[in-house]
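Fold and contact review
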Amino acid sequence: TRKLYGIDDPHSGAYGLRCLMARRLVEQGVRFVQVTTSPGQPWDHHNSISKDMRKIASEVDQGSAALVQDLAARGMLDSTIVMWAGEFGRLPTTQNGDGRDHNRNAFTLWFAGGGFKKGLIYGETDEFGYKAVVNRVSVPDMIATVLRQLGLDHQKVQYPHGGRVETPSDVTVTGAKPVLDLLA
């Protein structure tokens, strides 16, 4: 198990250990677990993107893959949603040749388990990678989809915020809907 998660590797071990702890928490019935990388925001590549992206990707690849493999091997992946996402998408251009700014028009994340289709690539950007143009999924639609898979109606989940009642998908403003094409 230590080898699967890369725990003894000084470069990836800390994140691998966090992924293993996440699996153990799920085994014990914890309903929501968030695994983060090292302190700070190591994905925020406004500079040194070439060097820093390779570094952080190599820290998280093995542990992330191990978590999915381990959950599947234990028969827990069907009832567990693994969502892997970063802070924002990144622009297809560099800042001063060394980094990239945030891109709210296109980003990538992936799901495993929890009723999401296996191996599905959904959506497409324009030829520059600037804006989603095919099968665009908004953040509110993605939230509505996840809530559906958790057995919750995104239109009925409400909470008070700033003196008014809101929904996680902000459905009254966005018209959010679950994206059924993502689901098995």
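The structure reproduced in this document is the subject of the present report. (Residues numbered from 1 in each chain as written. Predicted model: local features only at pLDDT ≥ 70, side-chain atom pairs only at ≥ 80, totals over all residues. Heavy atoms only, no water.)

1. Things to note about the packing of aromatic side chains
A full pass over the atoms with the stated rule returns three aromatic pairs. Residues Trp 84 and Trp 110 carry aromatic rings whose centres are separated by 6.3 Å and whose planes lie at 5° to one another, so their mutual orientation is stacked. Remark: Trp 110 occurs in strand β4 (residues 109-113) and Trp 84 occurs in strand β1 (residues 81-85); sequence separation between them is 26 residues. Since its relative accessible area comes to 23%, Trp 84 is described here as partly exposed. With a relative accessible area of 33%, Trp 110 lands in the partly exposed category. Taken together, Trp 43, Trp 84 and Trp 110 form an aromatic cluster joined through their ring pairs. (Phe/Tyr/Trp six-rings, centres within 6.5 Å; stacked < 30°, edge-to-face > 60°. Helix = DSSP H or I, 4+ residues; strand = E, 2+ residues; numbered from the N terminus. Buried < 20%, exposed > 50% of the residue type's maximum accessible area, 1.4 Å probe, protein only.)

2. Topic: the pattern of salt bridges
Using the criterion set out here, one finds nine salt bridges in the structure. The partner of Arg 23 in a salt bridge is Glu 27, with the nearest N and O atoms 2.6 Å apart. Taken together, the residues span about one helical turn, with Arg 23 and Glu 27 both in helix α2 (residues 13-27) at a distance of four residues. With a relative accessible area of 4%, Arg 23 lands in the buried category. By relative accessible area, which is 35% here, Glu 27 ends up partly exposed. Note that Glu 59 is salt-bridged to Lys 55, the shortest N-O span being 2.6 Å. You can see Glu 59 and its partner Lys 55 sitting in helix α3 (residues 49-73), four residues apart, about one turn around the helix. Its relative accessible area of 10% is what places Glu 59 among the buried residues. For Lys 55, a relative accessible area of 46% translates into the label partly exposed. Through salt bridges with shared partners, a single network forms among Arg 23, Glu 27, Asp 70 and Arg 74. (Salt bridge = Lys/Arg side-chain N within 4 Å of Asp/Glu carboxyl O.)

3. Describing α3
The terminal C-alpha atoms of α3, which comprises 25 residues, lie 35 Å apart, in line with the 36 Å expected from a rise of 1.5 Å per residue. By the largest-angle criterion, Val 60 marks the main kink of α3, which is about 30°. Every buried residue of α3 is listed here: Ile 49, Ile 56, Ala 57, Glu 59, Val 60, Gly 63, Ser 64, Ala 66, Leu 67, Val 68, Asp 70 and Leu 71. Tucked into the core, α3 has its buried residues touching α1 (2-5), α2, β1 and β4. Positive backbone phi, at 70°, marks Gly 75, one or two positions downstream of α3. (Expected span 1.5 Å × (residues − 1). Bend = angle between axes of the 7 residues up to and from the residue. Contact = heavy atoms within 4.5 Å.)

4. What about the nonpolar core?
A general tendency of soluble globular proteins is for nonpolar side chains to be buried together. Residues Tyr 5, Leu 71, Leu 77 and Val 82 are the most contacted members of the largest nonpolar core, which totals 16 residues. Secondary structure elements with two or more residues in this core: α2 and α3. It is α3 that provides the largest number of residues to this core, a total of six residues. Grouped together as the second largest cluster of nonpolar side chains are seven residues, Phe 111, Phe 116, Met 142 and Val 179 included. (Core = buried A, V, L, I, M, F, W, Y, C linked by side-chain atoms within 4.5 Å.)

5. Thoughts on unusual backbone geometry
Not every positive phi belongs to a glycine, and Ser 48 is a case in point at roughly 50°. Structurally, the position occupied by Ser 48 is in the loop between α2 and α3. On the basis of relative accessibility, which here comes to 23%, the residue Ser 48 falls in the partly exposed class. The phi torsion at Asn 135 lies on the positive side, around 50°, for a residue other than glycine. Along the chain, the position of Asn 135 falls in the loop between β6 (132-134) and α4 (139-149). For Asn 135, a relative accessible area of 42% corresponds to the partly exposed category.

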